Amino acid sequence: MKGESTHQLRVTQRLRLESTRLEEVNKRLSGAGSDGHALLLALPNANGQEQTLPADSNYRPIRSLVNYLKQKDAAGIVALSGGQNEEQDDNISKEEGEPGANTPGPDSEMTGVLHAFPPCNFSHELLQQAVPGLGDEQFREDHIVVLVVKGSV
């Protein structure tokens with residue numbers, strides 16, 4: 001990986017898992033259409049062993065993020081832009097729409113928003129719509145459902 005450029009995604013906002021907020025996400029999803037979004041399922045390391053990563057890595061296990069989001073009853077939000085600001089705040093205590101919540105700077109083009117949902121009814125429904133035959137055994141383990149939608153926050 002020497003010489004390769006890497007970008008870290010940082011959760012800078014939270015979206016409460018309330019019906020009105022989730023309806024807004026559904027509207028964004030509908031507005032983006034089938035070509036304007038992607039749905040991903042992130043699972044912990046399957047063999048249960050931690051990977052050896054470089055000492056300067058900012059690696060945090062997925063279970064830590066799942067626990068945090070469950071505790072806050074929220075989804076994590078990452079504003080995506082063509083050029084990520086490297087001086088973004090590492091603080092994830094801001095609610096979406098709160099003054100001072102991190103969004104890309106004026107010289108960055110907004111390309112989309114990433115939602116990271118902990119296990120919840122909403123994320124379960126998204127997965128069931130995308131993959132109707134998906135069994136319930138996938139939902140027993142901690143996981144994150146990642147929804148990437150084109151457009152602005």
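Scroll up to find the structure.
The rules we used
- Residues numbered from 1 in each chain as written.
- Predicted model: local features only at pLDDT ≥ 70, side-chain atom pairs only at ≥ 80, totals over all residues.
- Heavy atoms only, no water.
- Core = buried A, V, L, I, M, F, W, Y, C linked by side-chain atoms within 4.5 Å.
- Buried < 20%, exposed > 50% of the residue type's maximum accessible area, 1.4 Å probe, protein only.
- Helix = DSSP H or I, 4+ residues; strand = E, 2+ residues; numbered from the N terminus.
- Contact = heavy atoms within 4.5 Å.
- Phe/Tyr/Trp six-rings, centres within 6.5 Å; stacked < 30°, edge-to-face > 60°.
- Pairing = 2+ DSSP bridges.
- Expected span 1.5 Å × (residues − 1).
- Arc of directions from axis to C-beta.

**Q** How would you summarise the nonpolar core if you had to cite specific residues and measurements?
**A** If you look at the biggest cluster of nonpolar residues, it comprises 18 residues, and the most contacted ones within it are Leu-17, Val-25, Phe-117, Phe-122, Leu-126 and Leu-147. Mapped onto this core, the elements with two or more residues apiece are helix H1 (19-32), strand S3 (74-81), strand S4 (110-117), helix H3 (121-130) and strand S5 (144-150). When residues no more than four places from it in sequence are discounted, the contact partners of Val-25 are Leu-15, His-115, Phe-117, Phe-122 and Leu-147. Counting 11 residues, the second largest nonpolar core, distinct from the first, contains Leu-69, Leu-80, Leu-114 and Ala-116.

**Q** Hey, could you go over unusual backbone geometry for me, with residue numbers and the actual values?
**A** The backbone of Asp-73 sits at a positive phi, close to 50 degrees, despite the residue not being glycine. Relative to the helices and strands, Asp-73 is located in the loop between helix H2 (62-72) and S3.

**Q** Which residues make up the packing of aromatic side chains, and what are the values?
**A** Tallied over the entire structure, the rule returns 1 aromatic pair. Ring centres of Phe-117 and Phe-122 lie 5.1 Å apart, and the angle between their planes is 50 degrees; on these two criteria the pair is classed as tilted. Residue Phe-117 shares its accessibility class with Phe-122, and that shared class is buried.

**Q** Mind laying out the environment of Pro-119, listing which residues take part and the relevant values?
**A** The residue Pro-119 is located in the loop between S4 and H3 in this model. For Pro-119, a relative accessible area of 24% puts it in the partly exposed group. Put simply, Pro-119 and Val-66 are 53 residues apart on the chain and 7.7 Å apart in space, counted from C-alpha to C-alpha. Discounting residues that sit within four places of it in the chain, Pro-119 has contacts with Val-66, Lys-70 and His-143.

**Q** So what's going on with the side chain of Ser-123? Residues and values would help.
**A** Among the secondary structure elements, Ser-123 is positioned in helix H3. Residue contacts for Ser-123: discarding those within four places in its chain leaves Phe-117, Pro-118 and Val-145.

**Q** Run through the pairing of S3, naming residues and quoting values.
**A** Burial analysis of S3 places 8 of its 8 residues in the buried class, which makes it a mostly covered element. Burial of S3 is two-sided: the residues Ala-74, Gly-76, Val-78 and Leu-80 facing one way and the residues Ala-75, Ile-77, Ala-79 and Ser-81 facing the other way are all buried. Two strands pair when backbone bridges link them, and strand S1 (residues 13-16) and S3 are joined in this way by 4 bridges, in the antiparallel orientation. Across the sheet, Arg-14 pairs through a bridge with Gly-76, a residue of S3.

**Q** Describe H1, and please don't skip the residues or the numbers.
**A** Compared with an ideal rise of 1.5 Å per residue, which puts 14 residues at 20 Å, H1 spans 20 Å between its outermost C-alpha atoms and is within 8% of the ideal. Those residues of H1 that sit buried are Leu-22, Val-25 and Leu-29. An end-on view of H1 places all buried positions within 50 degrees of arc, on one side of the element. The exposed residues of H1 that point more than 90 degrees off its buried face are Lys-27, Ser-30 and Gly-31. Gly-33 sits one or two positions beyond H1 and adopts a positive phi of about 75 degrees.

**Q** Could you give an account of H3, with specific residues and numbers?
**A** For H3, the full list of buried residues reads Phe-122, Ser-123, Leu-126 and Leu-127. For H3, the angular spread of the buried residues around the axis is 135 degrees, confining them to a single face. In H3, the exposed residues that point more than 90 degrees away from the buried face are Asn-121 and Gln-129.

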